[in-house]
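# Examination of the molecular architecture
So the chains spell out like this:
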Amino acid sequence: MSTTAEPGNGLRIIGWCAWCQNAADNVRIIQVDEQGSGAGGVRSACRPCIDKHGLTLFAEQPPAATPDPPMRPGYCSWHNQSADHVERIQLSEAGSGGKVHYACVHCIRVWKLTPADEDQ
Ligand SMILES: [Zn+2]
Ligand SMILES: [Zn+2]
């Protein structure tokens, strides 16, 4: 339950790459561990330099639970069995009364069903 706005993944950050000494798109914060000075710090680096030098991203977090898992197990209303991946099906019949149905990808193809828009 958090209302804080977090920067989206598609955010472009333009900054200064400390490695190639250039302004670059999409710089990332890099954890610098300088042995001699003892004072570690952070600098930014562009993607090519990150790859080239094997830099460690600062506070890189493992991706949170994926919002949209590719596999959606569920129950297929058409062949009446559970399936590895089902899609919500939009029924245009007047009598359906807004009932939600799911169908597996196989039945979608066989019956030419129309998956509902995921974004409501
Ligand atoms: Zn660079
Ligand atoms: Zn099915």
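Residues numbered from 1 in each chain as written. Chains lettered and ligands numbered in written order. Predicted model: local features only at pLDDT ≥ 70, side-chain atom pairs only at ≥ 80, totals over all residues. Heavy atoms only, no water.

The subject of this paragraph is the overall build of the protein. Each helix and strand in the protein was counted, giving 2 helices and 8 strands. Listing every helix and strand of the protein by position from the N terminus yields β-β-β-β-α-β-β-β-β-α. The contacts in the protein between residues at least 6 apart in sequence include a share of 36% that link residues at least 24 apart. Entry remark: accessible area of the protein is about 9,500 Å², with carbon and sulfur atoms responsible for 52%. (Helix = DSSP H or I, 4+ residues; strand = E, 2+ residues; numbered from the N terminus. Contact = heavy atoms within 4.5 Å. Areas by Shrake-Rupley, 256 points an atom, 1.4 Å probe, with all protein chains shown as cover.)

All of the protein donors around the zinc ion (ligand 1) are Cys 17 (SG), Cys 20 (SG), Cys 46 (SG) and Cys 49 (SG); their distances to the metal are 2.3 Å. Taken together, the 4 donor atoms surrounding the zinc ion (ligand 1) define angles of 100 to 116 degrees at the centre, an arrangement classified as tetrahedral. Along the chain, the residues donating to the zinc ion (ligand 1) are arranged with the sequence spacing C-x2-C-x25-C-x2-C. Within this pair, whereas Cys 20 is found in the loop between strand S1 (15–17) and strand S2 (22–24), its partner Cys 49 is found in helix H1 (residues 47–53), the two being separated by 29 residues in sequence. For Cys 49, a relative accessible area of 6% gives the class buried. (Donors = N, O, S within 2.8 Å, 3.2 Å for Na, K, Ca; no water. Tetrahedral: all angles 85-135°; square planar, octahedral: opposite > 155°, others 65-115°. Buried < 20%, exposed > 50% of the residue type's maximum accessible area, 1.4 Å probe, protein only.)

Further remarks concern the coordination of the zinc ion (ligand 2). Donor atoms from the polypeptide that coordinate the zinc ion (ligand 2) comprise Cys 76 (SG), His 79 (ND1), Cys 104 (SG) and Cys 107 (SG), at 1.9 to 2.3 Å from the metal. Its 4 donor atoms give the zinc ion (ligand 2) angles of 104 to 117 degrees at the centre, a pattern that matches the tetrahedral case. If you list the donors of the zinc ion (ligand 2) from N- to C-terminus, the spacing comes out as C-x2-H-x24-C-x2-C. Pair noted here: Cys 76 is in strand S5 (residues 74–76) and Cys 104 is in strand S8 (residues 101–104), with a separation of 28 residues, a long-range link. Of the two residues, Cys 76 and Cys 104, neither departs from the other in class, the shared state being buried.

It is worth spelling out the environment of Arg 28 at this point. If you trace the backbone, Arg 28 turns up in strand S3 (residues 28–32). C-alpha separation for the pair Arg 28 and Leu 55, spaced 27 residues apart in sequence, amounts to 9.9 Å. Apart from residues no more than four positions distant in its own chain, Arg 28 is found in contact with Arg 43, Ser 44, Ala 45, Arg 47, Ile 50 and Leu 57.

Below, the discussion takes up a nonpolar patch on the surface. Taken together, the side chains of Ile 29, Val 42 and Phe 58 present a nonpolar region at the surface, about 260 Å² in accessible area. Of note, Phe 58 is situated in the loop between H1 and S5. Taking relative accessible area as the criterion, Phe 58 reaches 40% and is therefore assigned partly exposed. (Patch = residues over 30% accessible without salt bridge, like charges linked within 9 Å, V, L, I, M, F, W, Y side chains within 5 Å. Salt bridge = Lys/Arg side-chain N within 4 Å of Asp/Glu carboxyl O.)

Before going further, it helps to spend a moment on the side chain of Ser 44. Relative to the assigned elements, Ser 44 resides in strand S4 (residues 41–45). Residue class for Ser 44 comes out buried when judged on its relative accessible area of 18%. At a separation of 2.7 Å, a polar atom in the side chain of Ser 44 contacts the main-chain carbonyl oxygen of Trp 16. (Polar contact = N/O pair within 3.5 Å; in protein donor to acceptor, adjacent residues only side chain to side chain.)

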